[in-house]
Amino acid sequence: AQSVTQPDIHITVSEGASLELRCNYSYGATPYLFWYVQSPGQGLQLLLKYFSGDTLVQGIKGFEAEFKRSQSSFNLRKPSVHWSDAAEYFCAVGDASGTYKYIFGTGTRLKVLA
Amino acid sequence: DGGITQSPKYLFRKEGQNVTLSCEQNLNHDAMYWYRQDPGQGLRLIYYSQIVNDFQKGDIAEGYSVSREKKESFPLTVTSAQKNPTAFYLCASSRGTGTYEQYFGPGTRLTVT
C-alpha cells in the first residue's frame, strides 16, 4: 500500500540557517509528489510538485526539493530560513492508479529561532 | 479572484445534531475533495468527487455525507453518527484527476460538545 513518512514531527532552526525536511514514500510506480505548507488555522498552500523530468524542482518562497528514486525520498530544502517560514509542512503522494487521491504525511512543524 | 471559500470559519454544535459545512470554488475545477485534519494525523480523505452528480468515499467516510449537484459546490454534512466530529475540515479542488495539484480552502473548525 502507498504511504508517506515524515520522520521529523518537530524541527527547530535558527533564522538564516539552512533547512531540510525529510519525506519518504512507498509507491510502486513513478509517484506524483507534492509539498504543502500550512500556517496555524489556515488551509494548505502548494510549495512545489514533481511529476517527471528534472529531479530537482524549484518552488515558491525559495524552496526546492529533490526526488531520489533510489532512496524513495523527496526532501524539501531551503538555503536560508526566514522567521516567516515557521509553519507546518506536509508531503503528499498522488495516487495515479485510478483514484487520483493524495496520501499525506503526518507533517513536520517548523520553529524558527530569531 | 479565483479560489475556494469555506464557511463558516468556526462552527459549534451540540451532540446529536447534523451540521453542514459549505465549500464553493470558482476555479472551474472538475474535482473536489473533503479532508479531516486532527493534530499529529495529517490529512485524511473523507469524500471526493471527480464530476458533478458523482462522488466516492475516501478513507474515513463513516458518519459523513456529501452532494455534488453543481460543479462549484461540494457541501459536507457531519451527521450524528460520526463518533468524534470535532476537527478541522479542509476542502480542496483540482482541475481534474491525475497529476493536477489540489488547491485548498481556508478550512472550517467544527467543535461539537
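Here the structure is shown first, and the text comes after it.
Scoring rules and cut-offs
Per-chain numbering applies: the sequence of each chain, read as written, is numbered from 1 onward. Whichever chain is written first is A, and whichever ligand is written first is 1; the rest continue in order. This being a predicted model, a pLDDT of at least 70 is required before a residue's local features are given, and a value of 80 or more before pairs of side-chain atoms are given or counted; all residues contribute to the totals for chains, interfaces and linings. Note: side-chain values were computed over all heavy atoms of the structure, leaving out hydrogens and water. Helix and strand definitions here come from DSSP, where helices need a minimum of 4 consecutive H or I residues and strands a minimum of 2 consecutive E residues; each element is numbered from the N-terminal end. Taken over C-alpha atoms, the radius of gyration is set against a globule rule of 2.2 Å times the number of residues to the power 0.38. For the exposure calls, accessible area comes from a 1.4 Å probe over protein chains only, and a residue counts as buried if that area is under 20% of its type's maximum, exposed if over 50%, partly exposed in between. By the convention used here, residues are in contact when the closest approach between their heavy atoms is within 4.5 Å. Calculation of accessible area relied on Shrake-Rupley with a 1.4 Å probe; when residues are assessed, cover is drawn exclusively from the protein chains displayed. The sign given to each residue is positive for Lys and Arg and negative for Asp and Glu; His and the chain ends receive no count. A charge is said to be at NZ when it belongs to Lys, at CZ for Arg, at CG for Asp and at CD for Glu. Put simply, a nonpolar core is a bunch of buried Ala, Val, Leu, Ile, Met, Phe, Trp, Tyr and Cys residues held in one set by side-chain atoms that sit within 4.5 Å of each other. We call two N or O atoms a polar contact when they sit within 3.5 Å, provided that within protein one can donate a hydrogen and the other can accept it, with sequence-adjacent residues counted only if both atoms are side-chain atoms.

Which residues make up the overall build of chain B, and what values go with them?
Helix and strand counts for chain B stand at 0 helices and 11 strands. Taking 113 residues into account, the globule formula puts the C-alpha radius of gyration at 13 Å, and chain B, at 13 Å, falls close to it. Across the 113 residues that make up chain B, the buried fraction comes to 49%. Contacts spanning at least 24 positions in sequence make up 52% of the contacts within chain B whose residues lie at least 6 apart. Of the roughly 5,400 Å² of accessible surface on chain B, 46% is carried by carbon and sulfur atoms. Across chain B, the centroid of the 12 positively charged side chains sits 6 Å from that of the 11 negatively charged ones.

How would you summarise the nonpolar core if you had to cite specific residues and measurements?
Nonpolar side chains in soluble globular proteins tend to end up buried together. All names here are of chain A. Membership of the largest hydrophobic core comes to 27 residues, with the highest contact counts inside it found for Leu19, Trp35, Leu47, Leu48, Phe74, Leu76 and Tyr89. Of all elements in the fold, only β2 (10-14), β3 (19-21), β5 (32-38), β6 (44-50), β8 (64-68), β9 (73-78), β10 (87-94) and β12 (108-113) reach the threshold of two or more residues within this core. In terms of residue count, β10 provides more of this core than any other element does, 4 residues in total. Leave out the neighbours within four places in its chain, and Leu47 touches Trp35, Tyr36, Val37, Gly59, Ile60, Lys61, Phe63, Leu76 and Tyr89.

Give a detailed account of the side chain of His29(B), specifying residues and quantitative values.
Residue and element names in this part refer to chain B. Within the secondary structure layout, His29 lies in the loop between β3 (19-25) and β4 (31-37). At a separation of 3.4 Å, a polar atom in the side chain of His29 contacts the main-chain amide nitrogen of Ser94. If sequence neighbours within four positions are ignored, His29 has contacts with Arg68, Lys71, Ser93, Ser94, Arg95 and Tyr103.

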